[in-house]
Amino acid sequence: MLAPERRKKIVGYIQERGEVRIDELKSRFGVSEVTLRRDLDILESEYVIRRVRGGAVYNQDPPLEMLFQEKMELYINEKKQIARAAADLVGDGQVVMLSPGTTTTLVARELVDKQSLTVVTSAINIAAELAGRENITLVTIGGIVRSGSYAAVGHMADEAIAQINADYAFVSVDGVDVSSGFTTPNLLESRTNIMMLKSATKTVIVTDHSKLGRVAMSSVARLDEVSLFITDDHASPDYVASLRAHGCNVMVAGHDDETV
């Protein structure tokens, strides 16, 4: 059973019973305690369950999506590390696409000293930060704006992106998994991310180490479909090696900017 399918069944099992013990889940799904705890950590981060001592309970009243500023503060130093490495790839006069996201917001801040740069983004917060800079031609992508991520999504956004040819697309995701590739929770945002990757010559995923081993609902790309994946130096060396073994070109920012 693949990890996403197993987690879906775990949620259903917990929902039926209200509260379950770790040992009960191990027996029911035939997985190790390490695997099960990782599954529960991911499900708790998605607000569908709550961890309690020795087990988990179904989250009857999940909170609203975490606010953008709250997300920005998570692993901020690691994200800045990734952003600097990403910006170093970009040369003056190039066309760059930036997806919505906290890490891509930091990439935008690292690009402000580039000359004759064109930045295309569907994130209204990134557009606001770059607007008015004489050295940057800003192209904003319109659509329905999601409050949790400042992302413009929908067919208007997708159609506009399809008309643009970029040198680089920097895309942030919520999950990086050896089997499932790069994923994100929102279907509409995943579609916009896919369109950006299709519209660029060089495609780069930028995501901190906390997303490794996670699988969100919507697929964005296979590991071997992007030019480069940049993460930070807190990433597990074993997991990075596994990603590389499955065809993913990984840069570990801050670790001699190592690539293969």
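Below or above, wherever it landed, is the structure these notes cover. All values derive from a computational prediction rather than experimental measurement. (Residues numbered from 1 in each chain as written. Predicted model: local features only at pLDDT ≥ 70, side-chain atom pairs only at ≥ 80, totals over all residues. Heavy atoms only, no water.)

Here the structure, examined in full by the defined rule, presents 13 salt bridges. Glutamate 24 serves as the salt-bridge partner of arginine 17, at 3.8 Å between the closest nitrogen and oxygen. Looking at glutamate 24, the relative accessible area reads 30%, which means it is partly exposed. Bridged by salt links that share partners, the residues Arg6, Arg7 and Asp39 form one connected network. (Salt bridge = Lys/Arg side-chain N within 4 Å of Asp/Glu carboxyl O. Buried < 20%, exposed > 50% of the residue type's maximum accessible area, 1.4 Å probe, protein only.)

A few words on the environment of threonine 105. With respect to the secondary-structure elements, threonine 105 resides in helix α6 (residues 102-110). Excluding its chain neighbours within four sequence positions, the residues that come into contact with threonine 105 are Phe68, Met72, Asn125, Ile126 and Glu129. Reaching out from threonine 105, the side chain makes a polar contact with the side chain of asparagine 125 at a distance of 3.0 Å. (Helix = DSSP H or I, 4+ residues; strand = E, 2+ residues; numbered from the N terminus. Contact = heavy atoms within 4.5 Å. Polar contact = N/O pair within 3.5 Å; in protein donor to acceptor, adjacent residues only side chain to side chain.)

Bringing the environment of glutamate 159 into the picture now. Tracing the backbone shows glutamate 159 in helix α8 (residues 155-162). Using a relative accessible area of 49% as the deciding quantity, one classes glutamate 159 as partly exposed. Note: C-alpha distance between glutamate 159 and threonine 192 (33 residues apart in sequence) is 9.3 Å.

To continue, consider the nonpolar core. Of all hydrophobic cores here, the largest spans 31 residues; its most connected members are Met97, Val176, Phe182, Phe229 and Leu243. Contributing elements (two or more residues each) for this core: β4 (95-98), α8, β9 (166-171), α9 (187-198), β12 (200-206), β13 (218-221), α10 (237-245) and β15 (250-253). Residues in contact with valine 176, not counting those within four places in the same chain, are Gly181, Phe182, Thr207, Lys211, Leu212, Gly213, Arg214, Leu223, Phe229, Tyr239 and Leu243. Membership of the second largest hydrophobic core comes to 29 residues, among which are Ala85, Ala86, Ala123 and Tyr168. (Core = buried A, V, L, I, M, F, W, Y, C linked by side-chain atoms within 4.5 Å.)

What follows covers the side chain of threonine 192. Looking at the element boundaries, threonine 192 is found in helix α9. For threonine 192, the side chain forms a polar contact with the side chain of aspartate 158, separated by 3.2 Å. Here threonine 192 is in contact with Ser122, Ala152, Val153, Gly154, Ala157, Asp158 and Ile161, once residues within four sequence places are set aside.

Time to look at α6. Within α6, seven of the nine residues are buried, which leaves it mostly tucked inside the rest of the structure. Within the sequence span of α6, burial applies to Thr102, Thr103, Thr104, Thr105, Leu106, Val107 and Ala108. Turning to α6, the residues buried within the fold contact α4 (68-73), α5 (76-88), β4, α7 (124-130), β9 and β12.

This part takes up the packing of α5 against α6. Helix-helix packing is described using two parameters, namely the angle between the two axes and the distance between the axes. Relative to each other, α5 and α6 sit at 50°, their axes nearing to 8 Å. Judged by the inter-axis angle, α5 sits oblique to α6. When the axes of α5 and α6 are compared, the crossing they make is right-handed. The segment α5 lies against α6, with Ile76, Lys79, Lys80, Ile82, Ala83, Arg84, Ala86 and Ala87 engaging Thr102, Thr103, Leu106, Val107 and Glu110. For the contact of α5 with α6, the residue count by class is seven nonpolar, two polar and four charged. (Axes fitted to C-alpha atoms, helices over the stretch in contact; angles between N-to-C directions. Parallel < 35°, antiparallel > 145°, perpendicular 65-115°, else oblique. Left-handed = near helix turned anticlockwise from the far one by under 90°. Nonpolar A, V, L, I, M, F, W, Y, C, P; charged D, E, K, R; others polar.)

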